[in-house]
Amino acid sequence: MYTAHPGRYEQMPYRRTGRSGLKLPALSLGLWHNFGPDRPVDTQRAILRRAFDLGVTHFDLANNYGPPPGAAESAFGEALKADLRPYRDEMVISTKAGYLMWDGPYGEWGSRKYLLSSLDQSLSRMGLEYVDIFYSHRPDPDTPLEETMGALHSAVQQGKALYVGVSNYSPEETREAARILEGLGTPLLIHQPRYSMLDRRPEESGLLDALDELQVGSIVYSPLEQGLLTSRYLDGIPEGSRAAGDSPFLTADKVTGELVGHLRTLNGIAAARGQSLAQMALAWVLRGGRVTSALVGASSPQQLEDSVAAIGNLAFDDDELSRIDEVLRAAG
């Protein structure tokens, strides 16, 4: 029977989420692509146990995570029942709805019918009475934002979520969502955008500025840019890697010789900091405290441990930031 490590809260920093009372660990575990039936159950459970032992209290899911869709929530529910149920009140569990889940006109996007039906399904798969955070996973161009935000508000009113968030919303959509939710009495807690050294759109679009202005938290996904910001591609495309396969998320044509050169330069800066490239990339998105938490995936407990080790050095001096910016400008 699993017993959590007694020192699990000693090293992980926790950051307040916007103006709420909720704190999130600097690193959270995302269950996007490593918790489907193609992965050994024992490995999945070992990753979740190790995460909690390391102070990673936040587990981020969505209805469509797996593959196939729904598989990650089911796997998490089984692990929760087997290992983590006694620690439920020490955990932050989130899920989302917005992408395709089932056939017909009510199986995706942002209608009230879809969002609340999806949440009920997610709770059933995980064996939970409520989630801590329920997200609108993407904006719906054909549904009034008032309806989508109203559905999130209803989830809180029904006791099925404690907080609500949005993901992949523009700065303007985020401001409007926050305004609507504020009027309903359910504040917008958090935004989940894509953000990394190689994808700085949250800075460039003004999203981070909007979140600062609204006092809304942020948790970023793909901080390692689908594995590009790891040691894996420093010598090109290795066999068995995501870019070598048929993944739509990282294709071989993106891993150019020029990019590999930039990655090697970044790796040199990381080595001088006593970090791997992946650890520096995680520290970089967390720099300065504007980002509440960074989502990491893991295919093994050891990979998770390597990511969590990034918290040992989250500070950058001006010279390091200048050198990194120079590389990123050259990388385009």
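Residues numbered from 1 in each chain as written. Predicted model: local features only at pLDDT ≥ 70, side-chain atom pairs only at ≥ 80, totals over all residues. Heavy atoms only, no water.

## Here's the deal with the overall build of the chain
Part 1 of the argument: A count of helices and strands for the chain gives eleven helices and ten strands.
Part 2 of the argument: Relative to the compact-globule value of 20 Å for 332 residues, the chain shows a C-alpha radius of gyration of 19 Å, a close match.
Part 3 of the argument: Dimensions of the chain, computed from the C-alpha atoms along their principal axes, are close to 50 × 50 × 40 Å.
Part 4 of the argument: The buried share of the chain, reckoned over its 332 residues, is 55%.
Part 5 of the argument: Partitioning the contacts of the chain with sequence separation of at least 6, the portion at a separation of at least 24 is 75%.
Part 6 of the argument: Total accessible area computed for the chain in this model is approximately 14300 Å², and 48% of it derives from carbon and sulfur atoms. (Helix = DSSP H or I, 4+ residues; strand = E, 2+ residues; numbered from the N terminus. Rg over C-alpha atoms; globule rule 2.2 N^0.38 Å. Buried < 20%, exposed > 50% of the residue type's maximum accessible area, 1.4 Å probe, protein only. Contact = heavy atoms within 4.5 Å. Areas by Shrake-Rupley, 256 points an atom, 1.4 Å probe, with all protein chains shown as cover.)

## Side note on unusual backbone geometry
Part 1 of the argument: Residue proline 67 is reached from glycine 66 by a cis peptide bond, and omega for that bond is -10°.
Part 2 of the argument: Along the chain, proline 67 turns up in the loop between strand E4 (58-60) and helix H2 (71-84).
Part 3 of the argument: With an omega dihedral of -5°, the bond running from proline 67 to proline 68 counts as a cis peptide bond.
Part 4 of the argument: With respect to the helices, strands and loops of the structure, proline 68 is situated in the loop between E4 and H2.

## Considering the pattern of salt bridges
Part 1 of the argument: A full pass over the atoms with the stated rule returns 25 salt bridges.
Part 2 of the argument: Across the pair aspartate 83 and arginine 45 runs a salt bridge whose closest N-O atoms are separated by 2.8 Å. In this pair, aspartate 83 is assigned in helix H2 and arginine 45 in helix H1 (residues 41-53), connecting sequence segments 38 residues apart.
Part 3 of the argument: Beyond isolated ion pairs, a larger network of salt bridges with shared partners links Arg194, Asp199, Arg201 and Glu225. (Salt bridge = Lys/Arg side-chain N within 4 Å of Asp/Glu carboxyl O.)

## Side note on the side chain of aspartate 60
Part 1 of the argument: Examined against the element boundaries, aspartate 60 turns out to sit in strand E4.
Part 2 of the argument: Overall, the relative accessible area of 1% leaves aspartate 60 in the buried class.
Part 3 of the argument: Look past the residues within four positions of aspartate 60 in its chain and what remains in contact with it is Leu29, Gly30, Leu31, Tyr65, Ser94, Lys96, Tyr135, Gln192 and Leu295.

## Thoughts on the sheet that holds strand E3 (residues 27-30)
Part 1 of the argument: Strand order in this closed barrel of eight strands is E3-E4-E5-E6-E7-E8-E9-E10, and the pairing throughout is parallel. Adjacent strand axes in the sheet meet at a mean angle of 30° when their direction is disregarded. (Pairing = 2+ DSSP bridges. Axes fitted to C-alpha atoms, helices over the stretch in contact; angles between N-to-C directions.)

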